[in-house]
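Architecture at a glance
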Amino acid sequence: MPRPAQPFRARGATTRRSKAIVPTLIVVAVLAILYGVATALWTEQMWFASVDFTGVFTRKLLTETGLFLVFALLMAASVAVNAVLAYRLRPRYRPVSVEQQSLDRYRDAIDPVRRWVVIGASVLLGLMAGGSAAGQWQTFLLWRNGGTFGEVDAQFSRDLGFYAFDYPWWRFVLSFGFAIVVLGLIAAAVTHYVYGGIRLQTPGQKVTPAGQVHLSVLIGFFILLKAIAYWMDRYGILIEDGGLITGATYTDVKALLPAKTILIFIALICAVLFFVNVWRRSWTLPGIGLGLLVVCAVLLGGLWPFLVQQFQVRPNEPDREAPYIERNIAATREAYGVSDVDSEEYRATTEVEAGQLEEDSETIPGIRLLDPNVVPLAFQQLQQVRGFYAFSDPLDVDRYEVEGENRDVVVAVRDVDLTGIPEGQQNWNNEHTVYTHGFGFVAAYGNTRAANGSPSWAEEDIPPTGVLGDYEPRIYFGESSPEYSIVGAPEGSTPVEFDIPEDPDQGGQQRNNTYDGEGGVPIGSFLNRLLYATKFQEGNILLTGRINEDSTILYDRDPRLRLEKVAPWLRVDGNPFPAVVDGRILWILDGYTTLDSYPYSRRISLEEATSDSRTVRQAVVAQPQDNVNYVRNSVKAVVDAYDGTVTLYEWDTDDPVLASWRAAFPGTVEDRDEIPDELMAHLRYPEDLFKIQRSLLAAYHVEDPGLFYGGQDRWIVPNDPTVAPQEDFQPPYYQTIQMPDADQPYFSLTTTYVPQNRQNLAGFMAVNADARSDDYGTIRILRLPGNTQIAGPGQVANDFETDPEVARELSLLRQGDAQTVEGNLLTLPVGGGLLYVQPIYVQRASGDAAYPLLQRILVSFGDRIGYAGTLQEALDQIFQGESGADTGEEPGTDVPPTEETPPTEETPPTEETPPPEAEPAGDLEAAIADAQQAYDDAQAAQRAGDWTAYGAALDRLEDALARAEELSGGG
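Within each chain, residues carry numbers counting from 1 in the order of the written sequence. Given that this is a predicted model, residues contribute local features only at a pLDDT of at least 70 and side-chain atom pairs are listed and counted only at 80 or more, while totals for whole chains, interfaces and linings are drawn from all residues. Derived side-chain values reflect all non-hydrogen atoms in the structure, with water molecules and hydrogen atoms excluded from consideration.

1. Details of the overall build of the protein chain
A run of H or I in DSSP becomes a helix once it reaches four residues, and a run of E becomes a strand once it reaches two; helices and strands are each numbered from the N terminus. Within the protein chain one finds 26 helices and 32 strands. Residue burial is assigned from relative accessible area. The probe radius is 1.4 Å, only protein chains are included, and a residue is buried under 20% of its type maximum, exposed over 50%, and partly exposed in between. Taking all 971 residues of the protein chain together, 51% fall into the buried category. Long-range pairs, those at least 24 residues apart, make up 70% of the contacts in the protein chain between residues at least 6 apart in sequence. When the accessible surface of the protein chain is split by element, carbon and sulfur atoms take 54% of a total near 43,700 Å². As used throughout, the charge tally considers Lys and Arg to be positive and Asp and Glu to be negative, leaving His and the chain termini uncounted. Throughout, a charge is located at the NZ atom of Lys, the CZ atom of Arg, the CG atom of Asp or the CD atom of Glu. If the 73 positive side-chain charges of the protein chain are averaged to one point and the 131 negative ones to another, these points end up 23 Å apart. Whether two residues are in contact is decided by their heavy atoms: any pair within 4.5 Å suffices. Only the protein chains shown count as cover for residues, with accessible areas throughout obtained via the Shrake-Rupley method and a probe of 1.4 Å.

2. Notes on the sheet that holds strand β3 (residues 396–402)
Whether two strands pair comes down to DSSP finding at least two bridges between them. The antiparallel open sheet is built from five strands, whose spatial order is β3-β4-β7-β8-β9. Strands with a single pairing partner mark the edges of an open sheet, and in this sheet they are β3 and β9 (465–466). Of the strand pairs in this sheet, β3 and strand β4 (residues 405–413) are connected by seven bridges, and their pairing is antiparallel. Bridging across to β4, Glu401 finds its partner in Asn406. Note on geometry: axes are lines fitted to C-alpha atoms, helical ones only across the stretch in contact, with angles between N-to-C directions running from 0 to 180 degrees. Docked against the sheet, helix α11 (residues 376–383) engages β4, β7 (441–449) and β8 (455–460), running at close to 60° with respect to β8.

3. Brief notes about empty space enclosed by the protein
Lining residues are those with an atom within 4 Å of a point, where the points come from a 1 Å grid over the protein atoms alone and group into cavities, where a 1.4 Å probe fits but cannot get out, or pockets, open sets with protein on both sides within 12 Å along at least five of seven lines. Grid points are joined across faces, edges and corners, and a volume is the space filled by probe spheres set on the points. Inspection of every chain in the model, using the stated rule, returns seven cavities of 30 Å³ or more. Here the largest cavity defines a volume of roughly 120 Å³. Pro372, Val397, Arg614, Pro732 and Tyr734 are, among the 16 residues lining the largest cavity, the residues nearest its centre. Looking at the lining of the largest cavity, the elements that each hand over two or more residues are β3 and β24 (733–737). For this classification, Asp, Glu, Lys and Arg are treated as charged, while Ala, Val, Leu, Ile, Met, Phe, Trp, Tyr, Cys and Pro are nonpolar and the rest, including Gly, are polar. Looking at the lining of the largest cavity residue by residue, the classes come out as seven nonpolar, three polar and six charged. When its volume is computed, the second largest cavity comes out at roughly 60 Å³.

4. With respect to the nonpolar core
Within soluble globular proteins, side chains that are nonpolar tend to cluster in buried spots. Within the largest apolar cluster, 152 residues are counted, with the highest numbers of intra-cluster contacts made by Phe441, Leu563, Trp569 and Leu648. Among all residues touching Trp569, those that are not within four sequence positions of it are Gln138, Tyr592, Thr593, Val635, Leu648, Leu658, Trp661, Phe665, Thr668 and Val669. Here the nonpolar core consists of buried residues drawn from Ala, Val, Leu, Ile, Met, Phe, Trp, Tyr and Cys, with membership extended through side-chain atoms lying within 4.5 Å.

5. What to know about the sheet that holds strand β15 (residues 552–555)
Judged by pairing direction, the sheet is antiparallel, and its three strands sit side by side in the order β11-β15-β14 without closing on themselves. Each edge of the sheet is formed by a strand with only one pairing partner; in this case those strands are β11 (484–487) and β14 (521–522). Here two bridges tie β14 to β15, and the two strands are oriented antiparallel to one another. By the bridge assignment, Val521 is partnered in β15 with Ile553.

6. Here's the deal with unusual backbone geometry
What is expected of a backbone is that most residues other than glycine have negative phi and most peptide bonds are trans. Omega for the bond connecting Asp393 with Pro394 falls within 30 degrees of zero, at 5°, which places this linkage in the cis form. With respect to the helices and strands, Pro394 occurs in the loop between β2 (389–390) and β3. Going from Ile462 to Pro463, the amide bond is cis rather than trans, its omega being -10°. Here Pro463 shows up in the loop between β8 and β9. Although it is not a glycine, Asn757 sits at a positive phi angle of roughly 65°. Notably, Gln880 is not glycine yet its phi reads approximately 55°, a positive angle.

7. With respect to the packing of aromatic side chains
By convention, a stacked pair of Phe, Tyr or Trp rings (six-membered ring in the case of Trp) has centres within 6.5 Å and planes under 30 degrees apart, an edge-to-face pair has planes over 60 apart, and any other such pair is tilted. The final tally for this structure, using the stated rule, is 51 aromatic pairs. Arranged with centres 5.5 Å apart and planes meeting at 5°, the rings of Tyr734 and Phe747 form a pair that is stacked. Highlighted residues: Tyr734 in strand β24 and Phe747 in strand β25 (residues 746–755), separated in sequence by 13 residues. Per residue, the accessibility class of Tyr734 equals that of Phe747, and both read buried. As a reminder, the over-ring test applies to NZ of lysine and CZ of arginine, requiring each to be within 6 Å of the ring centre and within 35 degrees of the ring normal. In this arrangement the basic side chain of Lys535 is found over the ring face of Phe536, its NZ or CZ atom lying 5.8 Å from the centre.

8. Some points on the pairing of β25
Here β25 lies mainly inside the structure; nine of its 10 residues are buried. As paired strands, strand β23 (residues 715–716) and β25 are joined by two bridges and run antiparallel to one another. Its bridge partner lying in β25, Trp715 is registered against Pro755. Pairing geometry for β25 and strand β26 (residues 763–768), over six bridges, is antiparallel. Among the inter-strand pairings, Thr751 is bridged to a residue of β26, identified as Met765.

9. Overview of the packing of helix α2 (residues 54–88) against helix α4 (residues 114–134)
Two numbers describe how α2 lies on α4: the axes approach to 7 Å, and their chain directions differ by 150°. Here α4 runs roughly antiparallel to α2, going by the angle between their axes. Between α2 and α4 the crossing geometry is right-handed. Of the residues in α4, those touching α2 at Glu64, Leu67, Phe68, Phe71, Ala72, Met75, Ala76, Val79, Ala80, Ala83 and Tyr87 are Arg114, Val118, Ser122, Leu125, Gly126, Leu127, Ala129, Gly130, Gly131, Ala133 and Ala134. Classifying every residue of the contact of α2 with α4 by side-chain character gives 16 nonpolar, four polar and two charged. Here roughly perpendicular refers to angles of 65 to 115 degrees, roughly parallel to angles under 35, roughly antiparallel to angles over 145, and oblique to all remaining angles. By convention the crossing between two helices is left-handed if the near helix lies anticlockwise of the far one by an angle smaller than a right angle, and right-handed if it lies clockwise.

10. Details of the state of the cysteines
Put simply, a disulfide is two cysteine sulfurs that come within 2.5 Å. Using the criterion set out here, one finds zero disulfides in the structure. Note on Cys270: no disulfide assigned, nearest cysteine sulfur contributed by Cys296 at a separation of 10 Å. What makes Cys270 buried here is its relative accessible area of 1%. Residue class for Cys296 comes out buried when judged on its relative accessible area of 13%.

11. Comments concerning the pairing of strand β30 (residues 835–844)
When you tally the buried positions in β30, you get nine out of 10 residues, the bulk of the element. Where strand β28 (residues 818–822) and β30 come together, five bridges link them in antiparallel fashion. The residue of β30 that forms the bridge with Gln819 is Gln843. Bridge count between strand β29 (residues 826–828) and β30: three bridges; the pairing is antiparallel. Note on β30: the bridge partner recorded for Leu828 is Leu835. Count of turn residues in the β29/β30 antiparallel hairpin: six residues, of which Gly831 carries a positive phi of about 65°.

12. Comments concerning the confidence of the model for the protein chain
The quantity known as pLDDT measures the predictor's confidence residue by residue, on a range of 0 to 100. For the protein chain, the average pLDDT comes to 88, and 92% of its residues sit at 70 or higher. Note that residues 891–922 has pLDDT below 50 and, in this model, 53 contacts with residues that lie over four places away or in other chains.

13. A word on the packing of helix α8 (residues 250–280) against helix α9 (residues 284–313)
In contact at an axis separation of 8 Å, α8 and α9 are set at 175° when each is read in the N-to-C sense. When the axes of α8 and α9 are compared, the pair comes out roughly antiparallel. Taken together, the residues of the contact of α8 with α9 break down into 24 nonpolar, six polar and two charged.

14. Details of the pattern of salt bridges
We define a salt bridge as a contact between a side-chain nitrogen of Lys or Arg and a carboxyl oxygen of Asp or Glu at a distance within 4 Å. Taken as a whole, this structure holds 34 salt bridges when the rule is applied. A salt bridge links Arg474 to Glu472; the nearest nitrogen and oxygen atoms lie 3.1 Å apart. Like Glu472, Arg474 is buried. Two residues, Arg511 and Asp499, come together in a salt bridge whose shortest N-O distance is 2.9 Å. Of this pair, Arg511 sits in strand β13 (residues 509–513) while Asp499 sits in strand β12 (residues 497–503), and the two are 12 residues apart along the sequence. Each of Glu472, Arg474, Asp499, Asp503 and Arg511 takes part in a single network of salt bridges with overlapping partners.

Given below as structure tokens:
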């Protein structure tokens, strides 16, 4: 007989196998998650060890872990204990009712899994609470390590350290306490209801005695926390944003503060009534107390302040609020470091005379004509050398001593850019083991240019040549470095890293290099290769033969990112810049300590305050959207471009916030005295801090409460007239200037202001940006009187475009495929007035090889405009043929000079200075022929890309047209 089938056994085996798959998949998933977490933590620890900041990683991790565990356990315990306690206090017998019969179905469904439901809910809420608490690690460390400010607030006379360090932490603890009690109360109420402790639709007693005791205690704790919250609210008023100012106003002090005090006692009495209800077990008195608290909160906390505001404050608001506006002004100026701003009236003249700039002879030669926002293309075309190199955009401005004289220079590093690798060579080996680093530092003088309008180089080429001496030129850590590179090899191995294309010492052959720096994480072992293959999800790290026992992996290479990782408590300036210091290329960065709980100080958005035309086009990293009301430039930091070493130096020695962070992370910040002198020569006033301060001072340059309230003297930063559409703020500019009554010029950061809803100039602000100066950080504001009409940047740009002479000259430059590019519009307080200077570049409109060349200079003083091939000529045009200052432009190194273009407004002859006699004009036909020939030469030079010949032809064309106009009687 045939063997009988055994379907039941087969089905059972299949069922057992099916049941085994689910736990197996869960175990595999858990192991994968744990492996991923372990990989992330271990590779992060190795990275911090490679930069010698392991203490930061450990302290941060332990703090986050401790906060997570403590607050997760508190939350989980609150939910679990209250749910279990409510279950154990359930009534043995439940009255028969429709409500209870309906709940029986839920009880029957829940009872088999009741324990897992409680555990799951408790664990889930605990994880969420722990994650929230771990995110408060900075608040916790400031509370644990915070000190005092040595100053007190104007209302309660408490040290400002309470608001900076203590108040934020205790406010978080209080809010967490509310969450614990509320979720515990919800868990208890739901459990009591499901198991009959609360009977909403059953006749008779609605809550069992046991349930009443349980709920009374929880509600009592909630109201007790509310009493504490009322007490904390009294201090919170000083840091809250109101409609008029940040901080307590007249209504807050006279009505809201007394109301909060009264509500504290009412809440305490109400809480006691709920606690007493444990024995009385009646809802009457607690209910009355709770109702009284709600009514008083509405009347005292809402209606009373409203009535005071409407009937006492609003009719006399300027006088009532004056003391509190004064507090706000003083606190805001102190919190943002502008309390000592030197503001003075500047009666700028619009009149001109010969020799007017003689007293500014030290400033004029240093006027920066090279715009770091325009010339990156020129750097790219003239100094890129190979397509896989790139320069930052915009470039940076720094200073170097050249032949005993400080010179402003526009600088950049030649960084590697993997997008420039030829398409056929884009593979893993090339991208991560061959093209590993950039090479060289490039610098151009800010106030001169070559004969054809290209930059005049102070440092150039590969290998580097110039005035900066010998230094390590390789850029392994830069702003555009690859995500990761694997470098290093045993001594004697054949180098594989591309170094320079043509080595003069090797007969012009390509030279490769092997990295021998201290930076990077060792990756020679199989375990490390496995970890980093997992981290970067790249199997080639395991399989490649280019990794050896001496190999290291370089990653997280952006200087800004490296500083943010080793000092996560700092906010980093958005514009790092490179400098050659003591034989190394260093990235110099500025770090800020911030608070958002400084009493009475106005709160601002970092993103809005630091936004300008460069951050909008993402040329410079924008700050986050966080709100702050206290900022200090407390740290100067450097990142070595070769080995990635990060060094932090204390800068603001009086900042209590920095002192707290140094206590939290000891040994991470070196003393200010440790800054080398050679590095000090390159430190400068940070750009983002200056933008924050100029944003505040647009309103807070006014210190009189009455004027501040009226807002008649509010300023704004003008829009940048060099970009279209003109909707973004003009960026501040680094330039060397000499302020009125100053002894000498200083490297400075400058900006301008215009009145609200108007475009004429209202003020000029500059800060001494030279860290070597005793006056470093001194901010001066030149306020223009209201009865003086000085054109603002937008109006000057409009005058340049609409002036007939300038328009004619610009049209000549824009002929054919050429276009003009307007450079930065600089403002300088010279000659007793304000001088505007703008370089004009010419660039081919199409073609991959197009780049801008500086061809003309536009200047404006008062209502006069100068336009010429050199700054000297343009200035002389304005100041009656002799400005009185020598720009230092050397003959033969600049754009060929043009015939002097008469200024827009002719200066009438005087008895002392008779008008010069006209020179013989010549033949009209010859002038026309010369003009035609010059035009043809200009077109030919443009097509050939010979911009030197192009500029010379335009000069001849201008001269010929001027002669023809004079001969024809049109002049």
